[in-house]
Amino acid sequence: MSISEDKEKIYDVRYKVLLVGESGVGKTSLIRKLVGTATNKNHMNMLSTIGIDFVKKLYEVDGAKVQLEIWDTAGQERFRSITKMHYRGTKAVVFVYDVADLDSFTRLNFWLESIDQELQCSVEDTPPMIIIGNKSDLEDKREVPTERGEKLADEKLANGFWETSAKQGTNVHACFEKLAYTLTDTFSPKLMDTYKKNDRKASVYQRTDIDNNELEESSGFTWGTRSIKLDKHTEPNEEVKKKCCSSQ
Ligand SMILES: Nc1nc2c(ncn2[C@@H]2O[C@H](COP(=O)(O)OP(=O)(O)O)[C@@H](O)[C@H]2O)c(=O)[nH]1
Ligand SMILES: [Mg+2]
């Protein structure tokens, strides 16, 4: 796939990522932290009138230009009224709870179940997902031990578990970089240099300045585990694509 000359299309592939979780756990704060203060208006797509906010963030995943389109809810989660529009075309789900609020962790089960229902996926076909325990800075108010989050992530076969602090910035970039990697590795591995060159080191960069096409290695993440999947070179299951990842 080649990059379009069209200025609008600066990515090779894009993935819609949906953030869910109880109101107040810090979903919007995480997205704001991720996009940063330097963000110009073009990066923000506020469609609050119809209850949808999303931001675009460009990564370079091992040679592939990957745009994450990260969807937030505008408070509808409070009323459990996330619409079909939120779920449509979702390629990955980020489940967020607050480590200082046990209820928000317990209620994550509601969100985990509703995703399977809404995307009509069986457990095996669930799209890539990660679990985030946010507000890790509130250590003295912690109600959910790290091990419980890890255990849940294991049980649900999550692609990652992170404790983050949107307030301090801890792990915010790292978890979305890893997610960009996971998505590309799952759905478009052929775009990656490691696939082409049989090179085992994959790197992920955040595109911090889209206009100048400058790259900045944000947290120096490299993943040497790529070799695990090099043998397979599998495309995503067609059924998964149809069910969970139908076009936006
Ligand atoms: N201490 C702390 N507070 C946070 C953090 N993330 C969000 N908050 C606060 O939690 C409240 C709810 O955050 P918000 O992003 O609106 O949550 P949302 O309803 O899930 O979108 C706000 O007062 C935030 O300032 C964090 O990492 N640490
Ligand atoms: Mg919010």
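Check the entry above for the structure.
Quantities reported herein were computed from a predicted structural model and do not represent experimental measurements. (Residues numbered from 1 in each chain as written. Chains lettered and ligands numbered in written order. Predicted model: local features only at pLDDT ≥ 70, side-chain atom pairs only at ≥ 80, totals over all residues.)

A. Molecular detail of the overall build of the protein chain. Scanning the protein chain from terminus to terminus reveals nine helices and ten strands. Expressed as a percentage of its 248 residues, the buried residues of the protein chain come to 40%. When contacts within the protein chain are restricted to residue pairs at least 6 apart in sequence, those whose partners lie at least 24 apart make up 72%. (Helix = DSSP H or I, 4+ residues; strand = E, 2+ residues; numbered from the N terminus. Buried ≥ 20, exposed ≤ 12 C-beta atoms within 10 Å, placed from the backbone. Contact = placed C-beta atoms within 7 Å.)

B. Focus on the site of ligand 1. In the vicinity of ligand 1 lie 14 residues, with Gly-26, Lys-27, Thr-28, Ser-29 and Lys-167 positioned nearest. At three residues, helix α1 (residues 27-35) tops the list of elements feeding residues into the shell around ligand 1. (Near = placed C-beta within 6 Å.)

C. How the structure looks around the nonpolar core. Core analysis: the largest hydrophobic core is formed by 51 residues, its most contacted members being Val-17, Phe-95, Ile-130 and Ala-180. The element best represented in this core is helix α6 (residues 172-187), accounting for eight residues. Not counting residues up to four positions away in its chain, the partners in contact with Phe-95 are Val-20, Gly-21, Leu-108, Trp-111, Leu-112, Met-129, Ile-131 and Ile-132. (Core = buried A, V, L, I, M, F, W, Y, C linked by C-beta atoms within 7 Å.)

D. View of helix α5 (residues 146-155). If you check which residues of α5 are buried, you get Gly-149, Leu-152 and Ala-153. The buried residues of α5 occupy an angular sector of 100° when projected down its axis, which confines them to one face. Structural note: α5 exposes Glu-147, Lys-151, Asp-154 and Glu-155 on the side pointing more than 90 degrees away from its buried face. Following α5 by one or two positions, Leu-157 adopts a phi angle in the positive range, close to 55°. (Arc of directions from axis to C-beta.)

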